[in-house]
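Geometric and topological summary
Take a look at the letters that make up each chain.
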Amino acid sequence: MNSSYVGCSDSDRDGYADIYDPCSLQYGSSWVDRLGCPDTDGDGISDLRDPHPNLMTNDNNDWDSDGYV
């Protein structure tokens, strides 16, 4: 989901408007837990909350592997 709107600031030019981007000064592509934050492995989960930021998960619903969605 891209949350960029015409007329809204996008300081890091990642396609997510600053008002919806918790990491508005860092380019990012996360979309599962936070929009527009750095996501090294490209699985949609921001590096800050990803238990394995360099290993892509196969399950975006239970991405922390705790057995709960």
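Structural data are supplied above this passage.
On a predicted model such as this, the values are computed, not experimentally measured, just so you know. (Residues numbered from 1 in each chain as written. Predicted model: local features only at pLDDT ≥ 70, side-chain atom pairs only at ≥ 80, totals over all residues. Heavy atoms only, no water.)

Notes on the overall build of the protein chain
Operational definition: Going along the chain from the N terminus, every DSSP run of H or I of four or more residues is numbered as a helix, and every run of E of two or more is numbered as a strand. A 1.4 Å probe rolled over the protein chains alone gives each residue an accessible area, and that area as a share of the maximum for its type sets the label: buried under 20%, exposed over 50%, partly exposed in between. Contacts between residues were defined by any pair of non-hydrogen atoms, one from each residue, lying within 4.5 Å.
Regarding its fold elements, the protein chain presents 0 helices and 0 strands. The C-alpha extent of the protein chain, read off along each of the three principal axes, is 40 × 20 × 15 Å. Within the span of the protein chain, comprising 69 residues, buried residues form 35% of the whole. In the protein chain, the share of contacts with a sequence separation of at least 24, taken over all contacts with a separation of at least 6, comes to 6%.

Focus on the side chain of Asp 41
To be explicit about the condition: His is not counted, nor are the chain ends; Lys and Arg add positive charge and Asp and Glu add negative charge. One side-chain nitrogen of Lys or Arg within 4 Å of one carboxyl oxygen of Asp or Glu is enough to make a salt bridge. Distance and chemistry together define a polar contact, namely a pair of N or O atoms within 3.5 Å, with one atom able to donate a hydrogen and the other to accept it when in protein, and with adjacent residues in sequence counting only for side-chain atoms on both sides.
Notably, Asp 41 is buried but unbridged: the nearest opposite-charge side chain belongs to Arg 34, and the N-O separation is 12 Å. A polar contact of 3.4 Å, which involves the side chain of Asp 41, links it to the backbone nitrogen of Leu 55. Not counting residues up to four positions away in its chain, the partners in contact with Asp 41 are Asp 50, His 52, Pro 53, Asn 54, Leu 55 and Met 56.

Notes on the state of the cysteines
Counted only if it meets this: We call a pair of cysteine sulfur atoms a disulfide when they lie within 2.5 Å.
Within the structure shown, the criterion is met by 1 disulfide. Each disulfide pairs two cysteine sulfurs, and for Cys 23 the partner residue is Cys 37, the sulfurs being separated by 2.1 Å. Because the sign of the S-S torsion sets the handedness, a value of about 90° for the bond joining Cys 23 and Cys 37 places this disulfide among the right-handed ones. Of the residues examined, Cys 23 reaches a relative accessible area of 9% and is grouped as buried. For Cys 37, a relative accessible area of 0% corresponds to the buried category.

Comments concerning the environment of Cys 37
A sequence separation of 23 residues divides Cys 37 from Asn 60, and the C-alpha atoms of the two residues are 16 Å apart. Not counting the four nearest positions on each side in its chain, Cys 37 is found in contact with Pro 22, Cys 23, Gly 28, Ser 29, Ser 30 and Ser 46.

A short note on the side chain of Asp 39
The buried charged residue Asp 39 lacks any salt bridge partner; its closest oppositely charged side chain belongs to Arg 34, at an N-O distance of 10 Å. Apart from the residues lying within four places of it in its own chain, the contact partners of Asp 39 are Ser 29, Ser 30, Gly 44, Ile 45 and Asp 47.

Overview of unusual backbone geometry
The backbone of Arg 13 sits at a positive phi, close to 55°, despite the residue not being glycine. You can call Arg 13 exposed: its relative accessible area is 73%.

The values are spatial; any link to function lies outside them.
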